[in-house]
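So the chains spell out like this:
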Amino acid sequence: MLDAFLAGAHQVFAFDTLIYMLIGSVAGIVAAAIPGFTVTMAIILTLPLTFTMGPLQGVSVMLSVYVGGYTGGLISAALLGIPGTPSSVATTFDAFPMARGGEPGRALSLGVWSSFFGTIISTIILIVAAPPLALIAVKLGPWEYFSLIVFALTIVASLVGNSLMRGLIAGVIGLGLATIGPDPMMGRPRLTFESDILMPGLPFLIVLIGIFAISQLMGEVEDHGKSDKKGALIPDVIEFKTWAVMREVLMHPVNLVRSSLIGVFIGALPGAGGSIANLLAYDQAKRSSKNPEEFGKGTPDGVIASEAGNSATAGGGLIPMIALGIPGSAVDAILMAALMVHGISVGPRLIMDNADLAYGMFVAMVVASLMMLVVCVLSMRLFLRVTDIPKQFIVPTVMICCVIGAFALNNRVTDLYLLGAIGLVGYGLKSLDYPLAPLVLGVILGPIAETNLRRGLMLSDGNFAAFVSNPIAATFLGLALAFVLWQLYSAVRPRSGAIAQALRT
Amino acid sequence: MTNGTEKSAAADASASAASRARTEFARLISYIVFGLGSVYLSLRAGELPTSRWEPLGAGSFPQLVFAVLAVLCLITAVRAIIDIRKAGRLDGLLEGLCGWLKVRRFSFALFGLLVVYLGVLPIAGFSLATFVFLLITQLMIAGISKKTVIQSVIAALIFSVGLNLLFAEVFNVFLPRGMLFAG
């Protein structure tokens, strides 16, 4: 094992590899900072560039884009209130209010340090506990998966926004939107109304960009000229203390470690990734906090939980990929494809046959997170310049970046029409105080939920009781139900005689 | 003096109640739209053929999802109606709508320009369509002056022609080419 570690480290610490990784780190941060450009897209764009490299060098560069990308998403989340990636949705809840409250530097620093520690913790767990964790994750069957998704959606619906009912409606609308297009099991077209635009379904990235980015950009120019001081998005003076913020992050060890562990576990579940981990970690931090009412108003705990949670999925996602050849996310699937291009079979024998490669990837994760940290610390002031750019430049150009991101995904102009329509719907929903995160999560998780529900029923010969008789599935469903009831009870308790209040507000 | 303050507070409370009622009314419309839409989609999904190979066919899941959505919308709509009745007043709907639209006039103008831009994109090509879109939107937000025109033209050139070149040359991603203009 030690020999493999050293051999892997030797390759990673080669000068040219380090240079390529540094470029990858910067590219990942910049790409994810642009709304609409996800980590997945950045890695897809990187893949062809690594064909001429060796397997470990190529994968190391992609890992640095991956790690950088998970951090880059927080930049637009904190400064613009637009999650650069699905993984930074929860980051907007507190980082954005903190930035709007005059502390954009602190919001970014908190995110960067939390991401760094989250990645390091997840890599340590990846190295030490990969086999048993992967075994647990892989043992989850379709009943458990479906129940997990119901549980996750319920939490998200009640977590964000001011109304549980509107949160649930938004989540179910998301599930409904995900049913448009080909059926995930048999490929039969559904609810397409024979429209060419709807025939391929609604790609979740288009929904994400439309719902979050376009609606946010439209919101930015509301009542233009009245509330704006200089036209800048964050007009206040920036105070930025990197090392003080590092200490601040370390002063929340329980939140940091808990969020990282949630990220590792969720990342290790195939199909579940940073998009769920950041919300679950945020929820746990909120529920464990002595001051839960501070969440959503710019509390550091919220930023730490979200960023440590989403960054830790990077290490968690590699667990099933390296141990079993099952990619935990789209990004892991691309990493796997990159290895296969080089003729390396990814599966249980990877550690046995290519130990230096597997352990080299662990080393590369650590190096990539260090590079991300250095790049962010040294260049964060440049990112903060975004705050000086007037709306007249930033709103239209970010909108163009969204259009490019939506187009580059599938090279389909029709996706852009979907983008516009979904953006308008998102703006309408936002104006009526519907939370948007449950809708996007519903779109992402809808096909996974449906596939697992149908598989589970196939295995149980159509017997729905299997979801209740299975202990893990029953636990998740029970927790979801208990959570909804508890939320209703909590809303009713302060003011007597009003379950109506719980349903209404 | 006290009497005047009380009257002012009562007027504020009344205006606030009316505003809440108007907001709730707008939400009620959304619940009705989503509810009716989900009933329709649930029925359409039910028309999809069942599968021979599995207990649930292609239509079952969407049918279930839209049925749940319809129930949620119904419950929430009923609560909204009760709430509006409790508020007691629902006057000034037209003024409220006009005020709402006035505050958001730039947002809708921006969206309108986006729709036109997306429509023109396959005809004019990325560079030309984007240049015009950026120029108009930037001037709409910043206002027209010599300084803003120069700044907007430069920014529009960079983010239209420049981005197109960057994606084509560096990333091998070719943005939409127009029928009239290839760029």
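Here, every reference points to the structure presented above.
Presented here is a report on the structure given in the accompanying data block. (Residues numbered from 1 in each chain as written. Chains lettered and ligands numbered in written order. Predicted model: local features only at pLDDT ≥ 70, side-chain atom pairs only at ≥ 80, totals over all residues. Heavy atoms only, no water.)

**A word on the overall build of chain B**
What chain B contains, in helices and strands, is 6 helices and 0 strands. The proportion of buried residues among the 183 residues of chain B is 37%. For chain B, the proportion of contacts with a sequence separation of at least 24, taken over those separated by at least 6, is 64%. Carbon together with sulfur atoms contributes 70% to the accessible area of chain B, which is approximately 10,300 Å² in total. (Helix = DSSP H or I, 4+ residues; strand = E, 2+ residues; numbered from the N terminus. Buried < 20%, exposed > 50% of the residue type's maximum accessible area, 1.4 Å probe, protein only. Contact = heavy atoms within 4.5 Å. Areas by Shrake-Rupley, 256 points an atom, 1.4 Å probe, with all protein chains shown as cover.)

**Section: the pattern of salt bridges**
Across all of its chains, the model carries 12 salt bridges over all chains by this definition. With a closest N to O distance of 3.3 Å, B:E24 and B:R27 form a salt bridge. One end of the pair, B:E24, and the other, B:R27, are both in helix α1 (residues 2-46), 3 residues apart, so they sit about a helical turn from each other. The pair B:E24 / B:R27 is uniform in exposure class, with both members buried. With a shortest N-O distance of 3.7 Å, B:E47 and B:R44 are connected by a salt bridge. By relative accessible area, which is 30% here, B:R44 ends up partly exposed. Each of A:R166, A:D433, B:E24 and B:R27 takes part in a single network of salt bridges with overlapping partners. (Salt bridge = Lys/Arg side-chain N within 4 Å of Asp/Glu carboxyl O.)

**A short note on the side chain of B:S30**
Its place among the elements puts B:S30 in helix α1. On the accessibility criterion, B:S30 (7% relative accessible area) is buried. Polar side-chain contacts of B:S30 include one of 2.6 Å to the backbone oxygen of B:R27. Discounting residues that sit within four places of it in the chain, B:S30 has contacts with A:L432 and A:Y434. (Polar contact = N/O pair within 3.5 Å; in protein donor to acceptor, adjacent residues only side chain to side chain.)

**A few points about unusual backbone geometry**
Residue and element names in this part refer to chain A. Phi angles above zero are rare outside glycine, and F193 is one such case at about 55 degrees. In this fold, F193 is placed in the loop between β2 (189-190) and α9 (204-220). The phi torsion at E194 lies on the positive side, around 55 degrees, for a residue other than glycine.

**Considerations on the nonpolar core**
Grouped together as the largest cluster of nonpolar side chains are 118 residues, with contacts concentrated most on A:I169, A:I400, A:L439, B:L114, B:Y117 and B:F126. Broken down by element, this core gets its largest block of residues, 11 residues, from α9(A). B:L114 has contacts with A:I214, A:M399, A:V403 and B:F133, leaving out every residue within four places of it along the chain. Within the second largest apolar cluster, 77 residues are counted, among which are A:V39, A:V59, A:I121 and A:Y359. (Core = buried A, V, L, I, M, F, W, Y, C linked by side-chain atoms within 4.5 Å.)

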